[in-house]
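Observations on chain architecture
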Amino acid sequence: MNVLIIGSGGREHALAWKIAQSALVDEVWSAPGNPGMDVVGPCFDVKADDLESIQKLVLQTNPDLIVVGPEQPLALGVADMLRARGFDVFGPSKEAAQLESSKAFSKERMAKYGVPTARFGRFTETEAARAFLDEMQAPYVLKADGLAAGKGVVIAESRDEAETEIEAMLGGKFGDASAELVIEEFMDGEEASVFVITDGTGAIYLPPAQDHKRVGDGDTGPNTGGMGAYAPAPVMDDAMMARVKSEIAEPMLKGMVKDGTPYQGVLYIGVMVTAEGPKVVEFNARFGDPECQVLMAGLAGDIVPALLASATGGLAGNEAAFVSMLELDDFCPTATVVMATDGYPGSYAKGSAIKGVEVAGDMEGVTVFHAGTDKDSEGTLIAIGGRVLNVTATGEDLQGAIETAYQGVDAIDWPEGFCRRDIGWRAKSR
Ligand code: AMP
Ligand code: GLY
């Protein structure tokens, strides 16, 4: 079979790399892909959120499975569009993807299904939003309703700061995405990312991962898309994972079916492990980036049967068979370090040359996934994005994986790049 991956980040490179290892797969194609994905298979110059061109490409190339990486095309309805043409798609419908694309939708569904999350209110008027602050305590969590590239959440330490932010958001700080505002209670705890591959009713739980959202060591500085990840994350022990299944994933999936919006694809549950138990920080309609990179690198078995079953049905009741094809019991501890361009998540320059990626990739246990890279006219690898490379390593244990990943980082010669030096610190400090 031939598989088309939609997207161009480190997450999509990791998916392409893993899928290409399956005995079921002949070729892996990417749209638009990146220089790393180009080594796996042909890349087509079609943007991930250009639905018309994606449809044209799919009709021309006739892939047996389409795997959608990022959230934007899902929120625009790419899965519905391609399913209507008879293609098998890994990814949720536009309606179901609202669990990510609308915080208000997501919070309403959690409330309806009794899923634990922070207490919240929804607002379009500043007066009502301000009045709601009276019922809450600092710090205040303010969220733009729509997709804001991971920047739509502000944690205000004081009432003044919260009021200023309410004005800014409802005043159009994030355009349409902040026309509606969600204000919620602050949850204290440690975060983890849980990924559930589902066809709507059946569910496979991948090993829990942990991301590092802040740009600086010690979790300081502004939020980013994620500066590194590792799996398995010990904060999510078996008992906590069992609670995530029974208190969060199962009621969500059941409720989505009952309400006529079944969820197909991977459900990303951002969990806060609090003193009272697991609570949902957010849902995403796709794999995490960079969590996907550690999951793909650490998986011993074949992921394609599970992706295909998610797209076509047949998971429910057969979970054990898929768990065994994935070889989840032999998952290898894995860490990834994101190398980013100086200035990220603020503004940064494009075009700096990167050397040593092959040297790093040839090291035992190391795989380098590409994100914001390109080749210049001479074929030199250059940085064109904020997050640029994901240096990923497996190890006998997490400590070993982290050390090897940093050896990979140190083999890369890119003066204009930087990374966090403390990926995995929460696991290590346990
Ligand atoms: P989100 O985009 O909803 O995942 O929010 C981004 C980040 O803000 C999360 O990863 C958390 O670190 C933090 N955050 C969001 N909501 C809350 C909350 N209710 N309590 C504490 N931290 C939160
Ligand atoms: N790593 C966080 C995300 O993908 O949203």
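Refer to the preceding data block for the structure.
Below: a short report on this structure. (Residues numbered from 1 in each chain as written. Chains lettered and ligands numbered in written order. Predicted model: local features only at pLDDT ≥ 70, side-chain atom pairs only at ≥ 80, totals over all residues. Heavy atoms only, no water.)

1. With respect to the pattern of salt bridges
To be explicit about the condition: We define a salt bridge as a side-chain nitrogen of Lys or Arg found within 4 Å of a carboxyl oxygen belonging to Asp or Glu. We count a stretch as a helix when DSSP gives it H or I for four or more residues in a row; a strand needs E for two or more, and each element gets its number in order from the N terminus. We call a residue buried when its accessible area falls under 20% of the maximum for its residue type, exposed when it is over 50%, and partly exposed in between, using a 1.4 Å probe and counting protein chains only.
According to the stated counting rule, one finds 25 salt bridges in the structure shown. Of the charged contacts, one joins Asp 289 and Arg 387 as a salt bridge, the two residues approaching to 3.9 Å between their closest N and O atoms. Placement of the pair is Asp 289 in the loop between strand E16 (277–284) and helix H11 (291–298) and Arg 387 in strand E21 (residues 387–394), with a sequence separation of 98 residues. As far as the burial class goes, Asp 289 and Arg 387 line up, both buried.

2. Remarks on helix H9 (residues 159–170)
Heads up, the rule is: By this rule, a helix spans an expected 1.5 Å times one less than how many residues it contains. Arc, as used here, means the arc of the directions from the helix axis to the C-beta atoms. Contacts are assigned to residue pairs with any non-hydrogen atoms lying within 4.5 Å of each other.
For H9, with 12 residues, the first-to-last C-alpha span of 16 Å sits near the 16 Å given by 1.5 Å per residue. Turning to H9, its buried residues number three or more, namely Ala 162, Glu 165, Ile 166, Met 169 and Leu 170. Within H9, the buried residues cover an arc of 115° as seen down the axis, which keeps them to one side. With respect to the buried face of H9, the exposed residues turned more than 90 degrees away are Asp 160 and Thr 164. The elements touched by buried residues of H9 are strand E5 (120–123), helix H8 (126–133), strand E6 (140–144), strand E7 (153–156) and strand E8 (181–184). At the C-terminal side of H9, Gly 172 shows a positive phi close to 105°.

3. Details of the site of ligand 1
Put simply, the rule is: To be near a molecule or strand, a residue needs just one of its heavy atoms within 4 Å of it. Contacts described as polar in this section are N or O atom pairs within 3.5 Å, which, within protein, must combine one atom able to donate a hydrogen with one able to accept it, while residues neighboring in sequence count only if both atoms come from side chains. We get accessible surface area from the Shrake-Rupley algorithm with a probe of 1.4 Å; when it comes to residues, only the shown protein chains can shield them. Only Asp, Glu, Lys and Arg are considered charged, only Ala, Val, Leu, Ile, Met, Phe, Trp, Tyr, Cys and Pro nonpolar, and every remaining residue, Gly among them, polar.
Glu 184, Glu 185, Met 187, Glu 191 and Glu 282 are the nearest of the 15 residues found near ligand 1. Take Lys 143: an N or O atom from its side chain is 2.9 Å from an oxygen atom of ligand 1. One nitrogen or oxygen atom from the main chain of Met 187 is found 2.8 Å from a nitrogen atom belonging to ligand 1. Computed on the free molecule, ligand 1 has an accessible area of 470 Å², of which 91% lies beneath the protein chains in the complex. Of all the secondary structure elements, the ones that give two or more residues to the shell around ligand 1 are E6, E7 and E16. Counted by class, the shell around ligand 1 contains eight nonpolar, no polar and seven charged residues.

4. As for the side chain of Asn 34
Considering the arrangement of structural elements, one finds Asn 34 in the loop between strand E2 (27–32) and helix H2 (35–40). For Asn 34, the side chain forms a polar contact with the main-chain oxygen of His 370, separated by 2.9 Å.

5. Quick look at the sheet that holds strand E4 (residues 89–90)
So the rule is basically this: Strands pair, by our definition, only if DSSP identifies at least two bridges between them. Helix axes are fitted to C-alpha atoms over the stretch in contact, other axes to C-alpha atoms as well, and angles between N-to-C directions run from 0 to 180 degrees.
Ordered in space as E2-E1-E3-E4, the four strands form an open sheet in which the pairing is parallel. Looking along the sheet, the strands with just one partner apiece sit at the ends: E2 and E4. Judged from the six bridges that link them, strand E1 (residues 2–7) and E2 form a sheet pairing that is parallel. Following the sheet pairing, Ile 5 is matched in E2 by Ser 30. The strands touched by helix H1 (residues 10–20) within the sheet are E1, E2 and strand E3 (65–68), with E1 carrying the most contacts at an inclination of about 170°.

6. Some remarks on the pairing of strand E18 (residues 366–370)
Taken across its five residues, E18 has five buried, putting it largely inside the fold. Both faces of E18 are covered, namely the face carrying Val 366, Val 368 and His 370 and the face carrying Thr 367 and Phe 369. Bridge count between E18 and E21: five bridges; the pairing is antiparallel. Looking at the pairing, Val 366 lines up with Ala 393 of E21.

7. Quick word on H11
Buried residues dominate H11, accounting for eight of its eight residues. Among the residues making up H11, those that are buried are Glu 291, Cys 292, Gln 293, Val 294, Leu 295, Met 296, Ala 297 and Gly 298.

8. A few points about a nonpolar patch on the surface
Rules: Residues enter patches when they are more than 30% accessible in relative terms and free of salt bridges; like-charged ones are connected within 9 Å and nonpolar ones (Val, Leu, Ile, Met, Phe, Trp, Tyr) within 5 Å.
Together, Val 153, Ile 155 and Phe 186 line one region of the surface with nonpolar side chains, adding up to about 220 Å² of accessible area. Within the element layout of this structure, Ile 155 appears in strand E7.

9. Things to note about the sheet that holds E8
With respect to topology, four strands assemble into an open sheet ordered E5-E8-E6-E7, the strand pairing being antiparallel. With one partner strand each, in any of the chains shown, E5 and E7 form the two edges of the open sheet. On average, adjacent strands in this sheet sit at an angle of 20° to one another, irrespective of strand direction. Where E5 lies against E8, four bridges are found, and the strand directions are antiparallel. Paired with Phe 123 across the two strands is Leu 181, which belongs to E8. Where H8 meets the sheet, its contacts fall on E5, E6 and E8, and the angle it forms with E5 comes to roughly 165°. Along the sheet, H9 makes contact with E5, E6, E7 and E8, crossing E6 at roughly 10°.

10. Focus on the environment of Val 58
For Val 58, the location among the structural elements is in helix H3 (residues 51–61). Assessed through its relative accessible area of 0%, Val 58 is described here as buried. Residues in contact with Val 58, not counting those within four places in the same chain, are Leu 4, Pro 63, Ile 66, Leu 82 and Phe 87.

11. Remarks on unusual backbone geometry
Residue Pro 139 follows Ala 138 across a cis peptide bond; omega there is -5°. Summarising the element assignment, Pro 139 is placed in the loop between H8 and E6. Tyr 344 connects to Pro 345 through a cis peptide bond whose omega is 10°. A positive phi angle, near 55°, is found at Asn 62, a position not held by glycine.

12. What to know about the site of ligand 2
The environment of ligand 2 is made up of Asp 211, Gly 225, Tyr 268, Asn 284, Arg 286, Gly 288, Asp 289, Pro 290 and Glu 291. In this structure, a nitrogen atom belonging to ligand 2 sits 2.8 Å away from a side-chain N or O atom of Asp 211. Taking Asp 289, its main chain carries an N or O atom lying 2.9 Å from a nitrogen atom of ligand 2. Against a free-state accessible area of 200 Å², the protein chains account for coverage of 89% of ligand 2. When grouped by side-chain class, the residues that make up the shell around ligand 2 number two nonpolar, three polar and four charged.

Honestly, that's just the spatial picture; any functional story needs more than this.
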